[in-house]
Amino acid sequence: MSYGIPAVEPSAGVPVCPRHPDRPSYVRCQRCGRPACPECQRAAAVGFQCIDCVNELKRSTPTPRSAYGGTLRSGRPVATYLIIGLCVLVYALQWLIPGGVVESQLAFASVFMEPQDFEPWRMLTSAFVHSQGFILHIGLNMYMLWIFGQVLEPVLGRIRFLAVYLLSAIGGSVGFLLLTPFSPPVFVEGASGAIFGLFGALLVIQARRGGDTRQLWILIVINGVIGFVIPGIAWQAHLGGLVTGALSGAVMALIPRGPRQAVLQTAGMVVVAVLLVAVTALRITAS
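Colleague: An account of a nonpolar patch on the surface is requested, with residue identities and associated values reported.
Modeller: A grouping of Trp217, Ile218, Val221, Ile222, Val225, Ile226, Phe228, Val229 and Ile230 is seen on the molecular surface, where their side chains present a nonpolar patch of about 890 Å² in accessible area. Position of Trp217 relative to the elements: it lies in helix α8 (residues 214-229).

Spelled out as structure tokens, the structure:
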């Protein structure tokens, strides 16, 4: 077997590392038998392997994936921590920049969809802004995101998890747009719509797997009722996020494993995004 790097050994018969000919190497790779210096050794199940054999094995070994196509990774849910970090950063900027400038630039209201004030990006950015006057707003949202992110992200993979979360955030704004009047303007902010989307996605995925969904239903009902009982909570955004998350979860859960799984899932998520755009356009036209 040739690896393109000849084993260079001096006439004295002292074995040297192919990558570092100036280094005597008495330890040989368990796979190819070539000498390997300490820098080029990698621990194996038995003995050591050289770095070239390890890289070759990585290239020839399929990437382990979940049933939903996501790359299986050990360790912390990076995407979840990234979202939490962005929300905390924006919240810090809200305090550091006086006059409510951050909220005024990022929060969403139906009025921003009128032709003279058309700013559709607020439908997403509003999910990263939280109330300064109620610190539990961001505290509870980030706690729920941490809990459900640790469950969903390993199952879906980072990219699919982010897609579900961001689409659900937009879906929350679409729900608010549909169910609130354009005037007087009522502002909405917070990650709760996107988090309800995680509820919906997990509900569909858990049901598809044949798992028990009773506790999740109880959680959804309790949080949904709170939105109607306590004033100032945008239940419309909760409902929009829940529906969007359920649709996104269905896309992930119902498409079977196979070589076209990622393509079909992408197409399905595009369909969900197009539906959100179409519903938004109909609402604006109807107003």
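Colleague: Which residues make up the nonpolar core, and what values do they have?
Modeller: Counting residues in each nonpolar core, the largest one holds 53 residues, and the members touching the most others are Leu145, Leu152 and Leu198. Among the secondary structure elements, those contributing two or more residues to this core are α2 (78-96), α5 (135-156), α6 (158-179), α7 (192-208), α8, α9 (235-254) and α10 (261-286). The element contributing the most residues to this core is α7, with nine residues. In this structure, Leu145 is in contact with Thr80, Ile83, Ile84, Phe161, Tyr165, Ile195 and Leu198, ignoring residues within four places of it in sequence.

Colleague: Before we move on, can you summarise the pattern of salt bridges with the specific residues and values?
Modeller: According to the stated counting rule, one finds five salt bridges in the structure shown. When the shortest N-O distance is used, the salt bridge between Arg23 and Glu39 registers 2.9 Å. Placement of the pair is Arg23 in the segment before β1 (41-43) and Glu39 in the segment before β1, with a sequence separation of 16 residues. In this structure, Asp52 and Arg34 form a salt bridge, with 2.9 Å as the shortest nitrogen-oxygen distance.

Colleague: Requested: an account of the packing of α5 against α6, with residues and values cited.
Modeller: Where α5 meets α6, the axes come as close as 7 Å, and the angle between the chain directions of the two elements is 130 degrees. Relative to α6, α5 is oriented oblique. When you trace α5 past α6, the crossing you get is right-handed. Here Leu145, Gly149, Leu152, Glu153 and Leu156 of α5 come into contact with α6, specifically with Arg158, Arg160, Phe161, Val164 and Tyr165.

Colleague: Can you explain α10? Please cite residues and give values.
Modeller: The terminal C-alpha atoms of α10 lie 37 Å apart, and with 26 residues this matches the ideal 38 Å at 1.5 Å per residue to within 8%. Those residues of α10 that fall on the buried side of the exposure criterion are Gln261, Gln265, Gly268, Met269, Val272, Leu276, Thr280 and Arg283. Contacts from the buried residues of α10 go to α4 (122-125), α6 and α9.

Colleague: Residue-level account of the environment of Gly241, with values.
Modeller: Secondary-structure assignment places Gly241 in helix α9. In this structure Gly241 comes out as buried when scored by relative accessible area, which is 0%. Distance in space between the C-alpha atoms of Gly241 and Arg260 is 28 Å, their sequence separation being 19 residues. Other than its neighbours up to four places away in sequence, Gly241 contacts Ser168, Gly171, Gly172, Gly193, Phe196 and Gly197.

Colleague: Describe in detail α7, supporting the description with residues and values.
Modeller: An ideal rise of 1.5 Å per residue puts 24 Å on 17 residues; α7 measures up with 24 Å between its terminal C-alpha atoms. Most of α7 sits inside the fold, with 13 of its 17 residues counted as buried. Immediately downstream of α7, the backbone of Gly210 shows phi near 80 degrees, a positive value.

Colleague: Talk me through the packing of aromatic side chains; I want residue IDs and the actual numbers.
Modeller: Summed over the entire model, instances satisfying the criterion amount to seven aromatic pairs. Ring geometry for Tyr91 versus Trp95: centroids 6.4 Å apart, planes at 80 degrees, classification edge-to-face. Here Tyr91 and its partner Trp95 are both found in helix α2, four residues apart, which amounts to about one turn of the helix. Exposure remark for Tyr91: the relative accessible area of 9% places this residue in the buried category. Taken together, the ring pairs connect Phe148, Phe196 and Phe199 into an aromatic cluster. Above the plane of the ring of Phe112 lies Arg122, whose end atom (NZ or CZ) is 3.8 Å from the centre.

Colleague: Just give me the short version of the packing of α7 against α8, but keep the residues and values in it.
Modeller: Look at α7 against α8: their axes get within 10 Å of each other, and the N-to-C directions meet at 155 degrees. In terms of axis orientation, α7 runs roughly antiparallel to α8. With respect to the hand of their crossing, α7 and α8 are arranged in left-handed fashion. Residues Phe196, Phe199, Leu202 and Leu203 of α7 touch α8, and the partners they reach there are Leu216, Trp217, Leu219, Ile220, Asn223 and Gly224. Across the contact of α7 with α8, the residue classes tally to eight nonpolar, two polar and no charged.

Colleague: So what about the state of the cysteines? Which residues, and what values?
Modeller: Per the stated rule, a full pass over the model turns up zero disulfides. Of all cysteine sulfurs in the structure, the one in Cys53 sits closest to Cys50, which takes part in no disulfide; the separation is 3.5 Å.

Colleague: Would you mind going over the environment of Met113 in detail, with residue names and values included?
Modeller: Along the polypeptide, Met113 turns up in the loop between β3 (108-109) and α4. As a C-alpha pair, Met113 and Tyr81 span 32 residues in sequence and 31 Å in three-dimensional space. Beyond its immediate chain neighbours, meaning those up to four positions away, Met113 contacts Phe108, Phe118, Pro120, Met123, Leu177, Phe182, Thr280 and Ile284.

About the thresholds
- Residues numbered from 1 in each chain as written.
- Predicted model: local features only at pLDDT ≥ 70, side-chain atom pairs only at ≥ 80, totals over all residues.
- Heavy atoms only, no water.
- Patch = residues over 30% accessible without salt bridge, like charges linked within 9 Å, V, L, I, M, F, W, Y side chains within 5 Å.
- Areas by Shrake-Rupley, 256 points an atom, 1.4 Å probe, with all protein chains shown as cover.
- Salt bridge = Lys/Arg side-chain N within 4 Å of Asp/Glu carboxyl O.
- Helix = DSSP H or I, 4+ residues; strand = E, 2+ residues; numbered from the N terminus.
- Core = buried A, V, L, I, M, F, W, Y, C linked by side-chain atoms within 4.5 Å.
- Buried < 20%, exposed > 50% of the residue type's maximum accessible area, 1.4 Å probe, protein only.
- Contact = heavy atoms within 4.5 Å.
- Axes fitted to C-alpha atoms, helices over the stretch in contact; angles between N-to-C directions.
- Parallel < 35°, antiparallel > 145°, perpendicular 65-115°, else oblique.
- Left-handed = near helix turned anticlockwise from the far one by under 90°.
- Expected span 1.5 Å × (residues − 1).
- Phe/Tyr/Trp six-rings, centres within 6.5 Å; stacked < 30°, edge-to-face > 60°.
- Lys NZ or Arg CZ within 6 Å of the ring centre and 35° of its normal.
- Nonpolar A, V, L, I, M, F, W, Y, C, P; charged D, E, K, R; others polar.
- Disulfide = S-S within 2.5 Å.

Keep in mind these values describe shape, not function.
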